[in-house]
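# What the coordinates show
Here's the letter readout for the chains.
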Amino acid sequence: MQNLKQDRLKCTSLVVKVASRCNINCSYCYMYNLGDQTYKNQPKIMSHEVVNATIIKTKENCIKNNIKTFVFAFHGGEPMLGGMDFYRHFVKLANEQLLPEVQPIYAIQTNGIMLTDEWCRLFAKLNIEVGISMDGLPEDHDKYRLDHQGKGTHSKVVKGLEAAQNCLDLKKKPGILSVINYDADPIKTFLHFCVLNVQSIDFLFPYNNYETLSDDLKKTYLKNETPYGDWLISVFNTWYQQKDRPDIRMFSGIINAIFGGIYPSDLLGDHESELLVIETDGGIEAVDYLKSCGHAFTKAGANVLTNDFEEAMDTDLAKLYHFGHTKLCTKCLSCPVKEVCGGGNLASRYSKERGFNNVSIYCTDLLKLITHIQCTILSEFPIDILTKLHVSPISYEEALVIIHDEEITTIAPNYISELESF
């Protein structure tokens, strides 16, 4: 079965690193502040040469793999540092090369500080969906998302958010990407986004691993506490009771996965991850958050100027990332919610001693959250229907017992050496 999957290895989306620098300095940023310093050797802005090669290789990839829809996600650094002409050129060329055979989809993830009415009109004209990074209330956001003078950025982000929300030309209002701070009040954080009229929220765990985990958090987990799980459960309980509620991708995705659907990102779920990253110099890499695992960790030698996507995906790290939700450690394979969790995001499983042959550092947080959502949802179904479907809710405590008992008899998979080779 694994060999059959290898034959279907393909790329359906790119993270395009428009800029290798940023106009703010978030303390938790995996691009700059978790050990990887390769950005210093990168061109500050992606050149037209790299853009042109990227689109040519995208077209070749789509034709070869019969891909009808392809996603370009503009990231950085801060991608708006690339300037307006960058996006005019990229979208014009991509549309000319791909349409009508392939439908390109465009999105940008920005810190929002540079967003103006003019920028929003441009994104609307080019059909680029806008996502904005914001971490909640001013006092919480401004602890970590600072400019290079050490000043908070919340007020500037709100100004950018309002510009995008008020742009009548934008077909879809901007969503918020928010890194969880478990010391912040979860309900106040959620309601703050509601007051700002945010229609979609994507909460993220910080991109830590066994090497970057703080001593305080290590002590917390040694006491069997679940700070992120408890934080998210508080938000979920409030969110679930609301009638006109914003979409929270983690919650709606988990609910969808519980009923056999696909989680809508590479962070959870048991699907294959079909994404590559193009750096400003044309380097083709596995997903960028793996930079949190160490300096030059994602560098595999492939470049869009000389290599195609198939060659880039044949590198060890790209292959592991592609199958990262199915090539799990023995403990994950023993878990009753593994189809929903998929081991969590790959970076959170890394340690120098065992590579990726670990559970996520957020394992118990995810287990507690998923079982809570499952029990909440299934409690609304009549017992006779659950009986016919052979479905029964599992509590967090029951799941822990199942994992303990199953792990004893679970045979270690034959790919353990792959997981430990990094």
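Residues numbered from 1 in each chain as written. Predicted model: local features only at pLDDT ≥ 70, side-chain atom pairs only at ≥ 80, totals over all residues. Heavy atoms only, no water.

As recorded in an unreviewed UniProt entry, the protein chain goes by the name Radical SAM core domain-containing protein, listed as coming from Pedobacter cryoconitis. Per UniProt, the protein chain has the following entry under Cofactor (unreviewed entry): "[4Fe-4S] cluster". (UniProt positions renumbered as here; feature names shortened; annotations may be inferred.)

What follows deals with the domain arrangement of the protein chain. According to the domain assignment, the protein chain contains domain 1 (13–323) and domain 2 (330–420). Here the C-alpha centre of domain 2 lies 26 Å away from the C-alpha centre of domain 1. Taken together, the 39 residues of domain 1 in the interface contact 37 residues of domain 2. Overall, the association of domain 1 and domain 2 removes approximately 3,300 Å² of surface from exposure, summing both partners, and the carbon and sulfur fraction of that is 73%. Inspection of the region where domain 1 meets domain 2 yields one salt bridge. (Domains from an automatic or database assignment. Contact = heavy atoms within 4.5 Å. Buried area = accessible area lost by both parts, 1.4 Å probe. Salt bridge = Lys/Arg side-chain N within 4 Å of Asp/Glu carboxyl O.)

Let us now look at the environment of Pro-104. By secondary structure assignment, the location of Pro-104 is in strand S4 (residues 103–110). With relative accessibility at 5%, the residue Pro-104 sits in the buried group. Through-space distance from the C-alpha of Pro-104 to that of Gly-152 is 36 Å; in sequence the pair is 48 residues apart. Residues in contact with Pro-104, not counting those within four places in the same chain, are Phe-70, Phe-72, Asn-95, Leu-98 and Leu-99. (Helix = DSSP H or I, 4+ residues; strand = E, 2+ residues; numbered from the N terminus. Buried < 20%, exposed > 50% of the residue type's maximum accessible area, 1.4 Å probe, protein only.)

So, on to the packing of aromatic side chains. On inspection of all chains with the given rule, the structure shows 33 aromatic pairs. Ring centres of Phe-356 and Phe-422 lie 5.6 Å apart, and the angle between their planes is 70 degrees; this geometry places the pair in the edge-to-face category. Of this pair, Phe-356 sits in the loop between helix H14 (338–341) and helix H15 (363–378) while Phe-422 is found in the segment after helix H18 (416–419), placing the two residues 66 residues apart along the sequence. What makes Phe-356 buried here is its relative accessible area of 1%. By relative accessible area, which is 25% here, Phe-422 ends up partly exposed. Each residue in the set Phe-70, Phe-72, Phe-74, Phe-86, Tyr-87, Phe-90, Tyr-106, Trp-119 and Phe-123 is aromatic and connected to the rest through ring pairs, giving one cluster. The lysine or arginine in question, Arg-245, covers the ring of Trp-239, its NZ or CZ lying 4.3 Å from the ring centre. (Phe/Tyr/Trp six-rings, centres within 6.5 Å; stacked < 30°, edge-to-face > 60°. Lys NZ or Arg CZ within 6 Å of the ring centre and 35° of its normal.)

Pairing is mixed in the open sheet, where nine strands are placed in the order S9-S8-S7-S5-S4-S3-S1-S10-S11. Two strands close off the open sheet at either side, each with one partner strand: strand S9 (247–248) and strand S11 (284–285). As paired strands, strand S5 (residues 128–133) and strand S7 (residues 175–179) are joined by three bridges and run parallel to one another. Opposite Gly-131, over in S7, you have Gly-175 as the bridge partner. Sitting on the sheet, helix H2 (residues 48–65) is in contact with strand S1 (13–17), strand S3 (69–75) and strand S10 (275–278), with an inclination near 155 degrees to S3. Against the sheet, helix H7 (residues 186–195) contacts S7, strand S8 (200–204) and S9, and its axis sits at roughly 150 degrees relative to S8. (Pairing = 2+ DSSP bridges. Axes fitted to C-alpha atoms, helices over the stretch in contact; angles between N-to-C directions.)

Viewed as axis vectors pointing N to C, H2 and helix H3 (residues 84–98) meet at an angle of 25 degrees, and their least axial separation amounts to 10 Å. Judged on the interaxial angle alone, H3 and H2 are roughly parallel. The crossing of H2 and H3 is right-handed. Across from His-48, Val-51, Asn-52, Ile-55, Thr-58 and Lys-59 in H2, the residues of H3 making contact are Phe-86, His-89, Phe-90, Leu-93, Ala-94, Gln-97 and Leu-98. (Parallel < 35°, antiparallel > 145°, perpendicular 65-115°, else oblique. Left-handed = near helix turned anticlockwise from the far one by under 90°.)

Moving on: the environment of Thr-116. In this structure, Thr-116 sits in the loop between S4 and helix H4 (117–125). The spatial distance from the C-alpha of Thr-116 to the C-alpha of Cys-167 is 9.5 Å, given a sequence separation of 51 residues.

For the protein chain, per-residue confidence averages 95 on the pLDDT scale, and residues scoring 70 or more make up 98% of the total. Low confidence marks residues 1–6, where pLDDT is under 50. Its contacts with residues over four positions away, or in another chain, come to nine contacts. (pLDDT = per-residue confidence, 0-100.)

In this section: the environment of Gly-77. With respect to the element layout, Gly-77 can be found in the loop between S3 and H3. A sequence separation of 279 residues divides Gly-77 from Phe-356, and the C-alpha atoms of the two residues are 26 Å apart. Ignoring sequence-local partners within four residues, the contact set of Gly-77 consists of Ala-19, Arg-21, Cys-22, Met-31 and Tyr-32.

This part covers the pattern of salt bridges. Enumeration according to the criterion identifies 15 salt bridges in this entry. Note that Glu-418 is salt-bridged to Lys-327, the shortest N-O span being 2.8 Å. Of this pair, Glu-418 sits in helix H18 while Lys-327 sits in the loop between helix H12 (316–322) and helix H13 (330–333), and the two are 91 residues apart along the sequence. With relative accessibility at 36%, the residue Glu-418 sits in the partly exposed group. Classification of Lys-327 as buried rests on a relative accessible area of 8%. Residues joined in a network through salt bridges with shared partners are Glu-279, Glu-285, Lys-291 and Lys-299.

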